[in-house]
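Close look at the chain arrangement
Below are the chains, spelled out letter by letter.
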Amino acid sequence: MWKDKIKEIIYMLENSDINEIEVRFWFKKIKVTKKPPVLNVDPEQLSSKNLNISDLVKKESKDLDDKPEDLPKENLIKIKSPMPGTFYSAPDPESSPFVNIGDNVNAGDTICIVEAMKIMNEIQAEESGIVEEILVENSSPVEFDQVLFKLKTSN
Amino acid sequence: MFKKILIANRGEIAIRIIRACNEMGIKTVAVYSNADKNSLHVKFADEAICIGEGPAVESYLNIPRIIAAGEITNADAIHPGYGFLAENAKFSKICKENGFTFIGPDAEIIDLMGDKVNARNAAKDAGVPIIPGSNTLSSSKELLKIANKIGYPVMLKAVAGGGGKGMRIVKNESEAEKGFNIIQNEAGMAFDNSEIYVEKFVENGRHIEVQILSDKFGNHLHLGERECSIQRSNQKLIEESPSLFVDDVLREELTHKSLELAKKVNYVGAGTVEFLVDSQKNFYFIEMNTRIQVEHTVTEMVCMIDLVKEQIRTYAGLKLPMKQEDISMNGHAIECRINAEDPFNDFIPSPKKIESLNFAGGIGVRIDSFIYAGYQIPTNYDSMLGKLVVHSSSREKALIRMKRSLQETFIEGPKTTLPLLEMIFENKDFNNGNFDINFLGKFLKNIKEKDNESS
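Residues numbered from 1 in each chain as written. Chains lettered and ligands numbered in written order. Predicted model: local features only at pLDDT ≥ 70, side-chain atom pairs only at ≥ 80, totals over all residues.

**Here we look at the overall build of chain A**
Helix and strand counts for chain A come out as 3 helices and 11 strands. Secondary structure elements in chain A, listed N-terminal to C-terminal, are α-β-β-α-β-α-β-β-β-β-β-β-β-β. (Helix = DSSP H or I, 4+ residues; strand = E, 2+ residues; numbered from the N terminus.)

**Quick notes on the overall build of chain B**
Within chain B, the regular secondary structure consists of 15 helices and 20 strands. For 455 residues, the compact-globule formula gives about 23 Å, and the C-alpha radius of gyration of chain B, at 22 Å, lands near that figure. For chain B, the spread of C-alpha atoms along the three principal axes comes to 60 × 55 × 45 Å. Counting the 455 residues in chain B, one finds 50% classified as buried. Excluding contacts between residues fewer than 6 apart, the proportion of contacts in chain B whose partners are at least 24 apart in sequence is 65%. (Rg over C-alpha atoms; globule rule 2.2 N^0.38 Å. Buried ≥ 20, exposed ≤ 12 C-beta atoms within 10 Å, placed from the backbone. Contact = placed C-beta atoms within 7 Å.)

**Let's talk about the interface of chain A and chain B**
A common way to report how large an interface is uses the accessible area buried once the components associate. Listed by partner, the interface residues are 11 residues for chain A and 13 residues for chain B. The residue inventory of the side of chain A that touches chain B, partitioned by class, reads 7 nonpolar, 2 polar and 2 charged. (Nonpolar A, V, L, I, M, F, W, Y, C, P; charged D, E, K, R; others polar.)

**Examining unusual backbone geometry**
All names here are of chain B. Geometrically, the link from tyrosine 152 to proline 153 is a cis peptide bond, its omega value of -5° lying close to zero. Cis geometry is found at the peptide bond from serine 241 to proline 242, where omega equals -5°. Mapped onto the elements, proline 242 comes out in the loop between β11 (235-241) and α9 (248-264). Here the phi dihedral of aspartate 192 falls at roughly 60°; this positive angle occurs in a residue that is not glycine. With respect to the helices and strands, aspartate 192 occurs in the loop between α8 (173-191) and β8 (196-200). Taking the C-beta count within 10 Å as the criterion, aspartate 192 has 8 such neighbours and is therefore assigned exposed.

**Quick look at the environment of Ile111(A)**
Residue and element names in this part refer to chain A. For isoleucine 111, the position within the fold is in strand β7 (residues 110-116). Spatially, the C-alpha atoms of isoleucine 111 and alanine 125 are 6.4 Å apart, while their sequence positions differ by 14 residues. Excluding residues within four positions of it along the chain, isoleucine 111 makes contact with Ile79, Phe98, Val99, Val105, Ile123, Gln124, Ala125 and Phe149.

**Brief notes about the sheet that holds strand β9 (residues 129-134) of chain A**
All names here are of chain A. Spatially, 4 strands are ordered β4-β11-β9-β6 in an open sheet, and the strand pairing comes out antiparallel. Among the strands making up the open sheet, the edge pair consists of β4 (76-80) and β6 (104-105). Bridging between β9 and strand β11 (residues 147-152) involves 4 bridges; their strand directions are antiparallel. Bridged to valine 131 within β11 is leucine 151. (Pairing = 2+ DSSP bridges.)

**Brief notes about the domain arrangement of chain B**
Residue and element names in this part refer to chain B. When the domains of chain B are assigned, the result is domain 1 (4-91), domain 2 (132-200) and domain 3 (206-454). Look at where the C-alpha atoms of domain 1 and domain 3 centre, and you get two points 23 Å apart. Across the boundary between the two partners, domain 1 contributes 24 residues, which contact 23 residues of domain 3. Those elements giving two or more residues to the side of domain 1 that touches domain 3 turn out to be α1 (11-24) and α2 (40-44). With 7 residues, α1 is the single largest residue contributor to the side of domain 1 that touches domain 3. Among the residues making up the side of domain 1 that touches domain 3, the classes are represented as 12 nonpolar, 7 polar and 5 charged. (Domains from an automatic or database assignment.)

**Side note on the sheet that holds strand β10 (residues 220-232) of chain B**
Residues and elements named next belong to chain B. As summarised here, the arrangement of the 8 strands in space is β13-β12-β9-β10-β11-β14-β19-β18, forming an open sheet in which the pairing is antiparallel. Each edge of the sheet is formed by a strand with only one pairing partner; in this case those strands are β13 (283-289) and β18 (365-369). With strand direction ignored, the average angle separating the axes of adjacent strands in the sheet is 25°. Packed on one face of the sheet, α9 meets β9 (206-214), β10, β12 (269-277) and β13 and runs near 110° to β10. (Axes fitted to C-alpha atoms, helices over the stretch in contact; angles between N-to-C directions.)

**Thoughts on the confidence of the model for chain B**
Here chain B averages 95 in pLDDT, and 99% of its residues register 70 or above. This complex was scored by the predictor with a pTM of 0.84 and an ipTM of 0.73. (pLDDT = per-residue confidence, 0-100.)

**With respect to the packing of helix α4 (residues 89-97) of chain B against helix α5 (residues 107-114) of chain B**
All names here are of chain B. It is at 8 Å that the axes of α4 and α5 come closest, and there the two elements cross at 180°. Regarding the angle of α4 to α5, the classification is roughly antiparallel. Contact residues: Ala89, Ser92 and Lys93 in α4; Ala107, Ile110, Asp111 and Gly114 in α5. Looking at the contact of α4 with α5 residue by residue, the classes come out as 3 nonpolar, 2 polar and 2 charged. (Parallel < 35°, antiparallel > 145°, perpendicular 65-115°, else oblique.)

**Description of α9(B)**
Helix length check: α9(B), at 17 residues, gives a terminal C-alpha distance of 24 Å against a target of 24 Å (1.5 Å per residue), a fit within 8%. Burial in α9(B) covers these residues: Leu254(B), Thr255(B), Lys257(B), Ser258(B), Leu259(B), Leu261(B) and Ala262(B). (Expected span 1.5 Å × (residues − 1).)

**Observations concerning the environment of Leu421(B)**
Residue and element names in this part refer to chain B. Residue placement: leucine 421 occurs in helix α13 (residues 418-424). Judged by C-beta crowding, with 23 C-beta atoms within 10 Å, leucine 421 ranks as buried. Sequence spacing of leucine 421 and lysine 403 is 18 residues, and the spatial spacing of their C-alpha atoms is 9.0 Å.

**Focus: the packing of α1(B) against helix α11 (residues 307-315) of chain B**
All names here are of chain B. It is the contact of α1 with α11, at a shortest axis distance of 9 Å, that shows an interaxial angle of 65°. Here α1 lies roughly perpendicular to α11, going by the angle between them. Crossing geometry of α1 relative to α11 is assigned as right-handed. Contacts between α1 and α11 pair Arg16, Ile17, Ala20 and Met24 from the former with Val308, Lys309 and Ile312 from the latter. Class assignment of the residues belonging to the contact of α1 with α11 gives a composition of 5 nonpolar, no polar and 2 charged. (Left-handed = near helix turned anticlockwise from the far one by under 90°.)

The structure is reproduced here in structure tokens:
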């Protein structure tokens, strides 16, 4: 059932000039792109299946429940939200953000705030590194375990 | 009316509530744990927020995280379902303090009914018969004194008890002191409250409960009774409405007393008053549940009233749209609980992957479930997979319909209660309505003995 569905989607994609297709089928999301997917910016995509045509053709029998490997490169660590709440990149609206892309952070530095039930929970970097990516916009809602930052570590 | 309701629960009841909201035009927010990423309630809701790891204390029992999920999604009410935080007075209070309507009673009523001694006294004040017994016991000496007065056997119970825990039968004087100490310790560990009390043990009783619906304007309705005597260690397995055992005189008394209690405590929403009825049709108050119950479905089928919708409406401050005389009970409904347990091996949980399944269908059949082929049952939660409910014009016809529906239903992967249910529906005593709360225990014992003889 799954193979047929994916083949069908690939066929549709190859015969069109659009770049990617995402379908919902039996409560699973399948996404097929012509070019390799860009690094996830949307948390939704973290749980969806990012499949690449060339990969698929080679190993079609690959277990579809496998998590997509969205971090193929060296020494990137994810900092995740420990609770659902509202993400704040700065200590207050007037201040500048705790961290920007390219900043060096040390383990234990506060890098953002997640507010839940009117309590400001400061989130610290677990390791030292350079901020590679900030995945959440200021004052937007975040879920438990949602990736907030990616840090490039030296080791 | 509410615009968006957060459902602080999972499984079939979360889906049940989402369905009611969908039909009422209310948006829904599901919360889920990491163990429930592939659960159906997550897919059915308009929004879903992950709130923590699999263990319930880190997710479905974690009040700050549920409130935070309500805040980031702008929900205006929180429905607790049953179990988890449904009868947690602190949760009711915190919801209110944070600007959410809790779809359940105020903390004071939950506290009153959650404390079994207070609940007994409230029932007594409302004129509801209670089992002869005591208030909180101060010592084993006091237990001896009271037990001698009311007569053995007696049942020791935790004041904060529930769900069949913190209970012990004491048959005679020599067991009293030991029983007192054991239950006091057990209660302290299980409920963080070591207070206990004693009641006369009613043998061969039947578990009959009355469904109540109340609004904020002091209108209280009853929706008849449910018979829930088919249970083991206080876990219900089959429920039906009406009860074959309850005649018009008894029904009038049970429902009248239940309404008196609801009035006395100014109850709001859907609630259930539970009774133990002995073979002479004397009835005694057991407890009042201040939530929607698993078996609410059988009442819905005979009354054609959506209890979850009415529950939501009453907490939105609306008047009940019907009067007592508008409610009529038609036909007979039976519910079977399908649990992922091995019924022939001490009901050991069987949290396997559902390889394939088929649910019954056709006229008069209702399935409230959340499983699908390929679903991995998480190990963290209750083993109930769903409820199979049938309705027909009489009990005889409902029994036939249930047998037919059980034949149509199969679940491959986990062990389930389905084969046991099929056997019960072949039992003559059960079919004749000739049973009490000891039925299932004896039935299982017989199976075991026959098994041992043949092997």
